[in-house]
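Here is how the chains run, residue by residue.
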Amino acid sequence: MYRRRFKRQVEVFPQTLEEFGYMLNEAGEIRDLQSNEPYQFEVKPKDHDYNKKRYDAFISIVGDKVEEKLQRDPYNFVKQTVPVNANPENGDIHSYFYMTPNALTTPDRLLILIPGNDTRIGQWSKRVMCDENINMGSMIHTTALAKERGYEVIILNPSANVWYDGKPSEMPPPNNEKCEDIPENENPEAHTLYVFRHFIRHAKAKDVSVIAMGWGGYSFTLVINEHFDFIKSRVRGVALSNSAHTRDLIDGDDKRVWIRSHMVNLDASNQPKGEVLADTRFGCECLSSAQEISDFIITSCEKEIWRFIDLKMGDIEEITVDTEIDADAPLDEAEEAELAEHLNVVSVG
């Protein structure tokens, strides 16, 4: 019986933003060269497979630009190869993460950034990068705010856990053809534990903070179990975004007490921003982000995240109410402003 064989079509996509018909303006916005609109996903109607492949090629170029910016002045991140005995020059299978130059040697402050799953290093959300701004959708803006506060920064790379086409990748082909696991970093949890075990727990910083998204929150709870001596003595505040962890993952009451007082989770919700959500699964205070799409939580709750961390680091103080003052006396303008700021602070404290 004769069977017709169809040759698989290999799509070839542009290699630059300009060839795609887009530009990156000075504000960090990706805009169409003709219409000045953000990236449009649906180029071929009803052909999701083509549109997804085109988007993956496009977002890869955007990812290159994010990494380039992270490595340049004023951030100056440097790559650190993992596992530690791998030699990229010899073609050894490896992955990497980013550190600012003094991340392991500063005696002062260190910030750890852990993205969610299926996200390239240095990024919070592909959607935010394309729709709004590559700085806000990536860790560029987060790093800028951290540096203003005197932090050195480490960015983990939990999704790049397979070796494909001569490099670490977070997007291997669907059939995993010719893919190999990165040794000791074969999944997000293993990578997070590896970096803490071999690098972060040996850092000199006396004050450490963490911002993690999605599955990054789950991975960090495993770190709490394995490195609680370091966590309880150095880590001051942990701000999570739509975390995938649960309190049942935490081994022991001492660790559960710690996360109750040192962690906050901003969750996807349509409730007003900062409203406490009655959700005991996380074991820490859970607040509404007023966002139903998790991609936008870190961007929209930037002030709340940093207010929580600043509070835990002692950069701002939680104001207590003086019960001896006349409660019926009208507030002056300065007192009204102070009270408004206090209400904002305690909403994430």
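Residues numbered from 1 in each chain as written. Predicted model: local features only at pLDDT ≥ 70, side-chain atom pairs only at ≥ 80, totals over all residues. Heavy atoms only, no water.

- With an unreviewed UniProt entry as reference, the chain is termed Arb2 domain-containing protein, source organism Syncephalastrum racemosum.

1. Notes on the overall build of the chain
Argument step 1. Scanning the chain from terminus to terminus reveals 12 helices and 13 strands.
Argument step 2. Expressed as a percentage of its 349 residues, the buried residues of the chain come to 47%.
Argument step 3. Split by element, the accessible area of the chain, about 18200 Å² in all, is 46% carbon and sulfur. (Helix = DSSP H or I, 4+ residues; strand = E, 2+ residues; numbered from the N terminus. Buried < 20%, exposed > 50% of the residue type's maximum accessible area, 1.4 Å probe, protein only. Areas by Shrake-Rupley, 256 points an atom, 1.4 Å probe, with all protein chains shown as cover.)

2. Here's the deal with the sheet that holds strand E9 (residues 180-181)
Argument step 1. What the 3 strands build is an open sheet, ordered E8-E7-E9; its pairing is antiparallel. The sheet is open, and its two borders are formed by strand E8 (167-169) and E9, each paired with just one other strand.
Argument step 2. Bridge analysis of strand E7 (residues 162-164) against E9 gives 2 bridges, and the strand direction is antiparallel. Across the sheet, residue Trp163 finds its bridge partner in E9, namely Glu180. (Pairing = 2+ DSSP bridges.)

3. Quick notes on the packing of helix H6 (residues 188-198) against helix H7 (residues 215-226)
Helix packing for two helices is described by the angle between their axes and how far apart those axes are.
Argument step 1. Two numbers describe how H6 lies on H7: the axes approach to 9 Å, and their chain directions differ by 45°. In terms of their interaxial angle, H6 and H7 are classed as oblique. As for how H6 packs across H7, the hand of that crossing is right-handed. Touching Pro188, Glu189, Thr192, Leu193, Phe196 and Arg197 of H6 are Trp215, Tyr218, Ser219, Phe220, Leu222, Val223 and Glu226, all from H7.
Argument step 2. Its residues assigned to classes, the contact of H6 with H7 comprises 8 nonpolar, 2 polar and 3 charged. (Axes fitted to C-alpha atoms, helices over the stretch in contact; angles between N-to-C directions. Parallel < 35°, antiparallel > 145°, perpendicular 65-115°, else oblique. Left-handed = near helix turned anticlockwise from the far one by under 90°. Contact = heavy atoms within 4.5 Å. Nonpolar A, V, L, I, M, F, W, Y, C, P; charged D, E, K, R; others polar.)

4. Some remarks on the sheet that holds strand E3 (residues 78-82)
Argument step 1. Spatial strand order, E3-E4-E6-E5-E10-E11-E12-E13: 8 strands in an open sheet with mixed pairing. Each end of this open sheet is capped by a strand with a single partner; those strands are E3 and strand E13 (285-288). Pairs of neighbouring strands in the sheet enclose a mean axial angle of 20°, with direction left out of account.
Argument step 2. Across the face of the sheet, H7 comes into contact with strand E5 (109-114), strand E10 (207-213), strand E11 (235-241) and strand E12 (263-267) while running at roughly 140° to E10.

5. A closer look at unusual backbone geometry
Argument step 1. Along the chain, Asp73 connects to Pro74 via a cis peptide bond; the corresponding omega equals 10°.
Argument step 2. In this structure, Pro74 sits in the loop between helix H2 (48-71) and E3.
Argument step 3. With an omega of -5°, the peptide bond running from Val82 to Pro83 counts as cis.
Argument step 4. Counting through the fold element by element, Pro83 comes out in the loop between E3 and strand E4 (95-99).
Argument step 5. Positive phi, normally seen in glycine, also occurs at Asn242, with a value near 50°.
Argument step 6. Mapped onto the secondary structure, Asn242 falls in the loop between E11 and helix H9 (253-262).
Argument step 7. What makes Asn242 partly exposed here is its relative accessible area of 26%.

6. A look at the pairing of E11
Argument step 1. E11 sits mainly inside the fold: 6 of its 7 residues count as buried.
Argument step 2. Sheet topology places E10 next to E11; 6 bridges connect them, and they run parallel. Residue pairing for E11: Val210 is matched across the bridge by Val238.
Argument step 3. Sheet topology note: the E11/E12 ladder contains 4 bridges and is parallel.

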